[in-house]
Amino acid sequence: MDEEVRRWWNGIWGRLARRDVWLIRRTRWSVVARAGDTETGKVLQWEFETEPEALRMVERLLRAGGAGQWREQGRGESPGSLRPDAAGPE
């Protein structure tokens, strides 16, 4: 998805002298999956144009299974801070 943020024109008409400059914000969604630890794990990455497309891939990866129980982490939260035996809010 592209968004035109700003645009400049040199003010001259005509195909030989006219100049245009655009500042474009390009939003793409990436899904990154890692199998293993941060040092030796295998990393795969996919890019999508829209958030729904990216979320479909996330759902597909989560359904693919494997050991453990998937749970969403908050931003900047390390996996160790979500120990299953830690007391949660009441």
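Residues numbered from 1 in each chain as written. Predicted model: local features only at pLDDT ≥ 70, side-chain atom pairs only at ≥ 80, totals over all residues. Heavy atoms only, no water.

Engineer: Help me out: how do you make sense of the overall build of the chain in this one?
Structural biologist: Helix and strand content of the chain: one helix and four strands. When the helices and strands of the chain are listed from N to C terminus, the series reads β-β-β-β-α. Pairs at least 24 residues apart make up 13% of the contacts formed inside the chain by residues separated by at least 6 positions. Summing over all exposed atoms, the chain offers an accessible surface of approximately 8,500 Å²; the carbon and sulfur share of this is 52%. (Helix = DSSP H or I, 4+ residues; strand = E, 2+ residues; numbered from the N terminus. Contact = heavy atoms within 4.5 Å. Areas by Shrake-Rupley, 256 points an atom, 1.4 Å probe, with all protein chains shown as cover.)

Engineer: Sorry, what's going on with a nonpolar patch on the surface here?
Structural biologist: Together, Val 5, Trp 8, Val 21 and Leu 23 make up a nonpolar patch on the protein surface, roughly 340 Å² of accessible area in all. Where the nonpolar patch is concerned, the elements lending two or more residues are strand 1 (2–9) and strand 2 (20–26). For Val 21, a relative accessible area of 47% gives the class partly exposed. (Patch = residues over 30% accessible without salt bridge, like charges linked within 9 Å, V, L, I, M, F, W, Y side chains within 5 Å. Salt bridge = Lys/Arg side-chain N within 4 Å of Asp/Glu carboxyl O. Buried < 20%, exposed > 50% of the residue type's maximum accessible area, 1.4 Å probe, protein only.)

Engineer: Quick question: what am I supposed to make of the pattern of salt bridges here?
Structural biologist: Opposite charge on two side chains permits them to pair, given that their charged atoms come into close proximity. Taken as a whole and assessed by the stated rule, the structure comprises six salt bridges. Of the charged contacts in the structure, one is a salt bridge between Glu 47 and Arg 28, with a shortest N-O distance of 2.7 Å. One end of the pair, Glu 47, is in strand 4 (residues 42–48); the other, Arg 28, is in the loop between strand 2 and strand 3 (29–35), with 19 residues separating them in the sequence. Judged by its relative accessible area of 44%, Glu 47 is partly exposed. Accessibility expressed as a relative area gives 35% for Arg 28, which makes it partly exposed. Linked through salt bridges whose partners overlap, the residues forming this network are Arg 7, Arg 18 and Asp 20.

Engineer: Is there a simple way to explain the packing of aromatic side chains in this structure?
Structural biologist: The geometry of an aromatic ring pair is captured by the separation of the ring centres together with the interplanar angle, meaning the angle of the planes. Under the defined criterion, the tally for this structure stands at one aromatic pair. Ring centres of Trp 9 and Trp 13 lie 5.1 Å apart, and the angle between their planes is 70°; on these two criteria the pair is classed as edge-to-face. Here Trp 9 falls in the partly exposed class, since its relative accessible area comes to 39%. It is Arg 18 that lies over the ring of Trp 13; its NZ or CZ is 5.6 Å from the centre. (Phe/Tyr/Trp six-rings, centres within 6.5 Å; stacked < 30°, edge-to-face > 60°. Lys NZ or Arg CZ within 6 Å of the ring centre and 35° of its normal.)

Engineer: Would you take a moment to explain the confidence of the model for the chain for this structure?
Structural biologist: Do not read the predicted coordinates in detail wherever pLDDT is low. On average, residues of the chain score 83 in pLDDT, and 86% of them are at 70 or above. In the model, residues 82–90 has pLDDT below 50 throughout and makes four contacts with residues more than four positions away in sequence or in other chains. (pLDDT = per-residue confidence, 0-100.)

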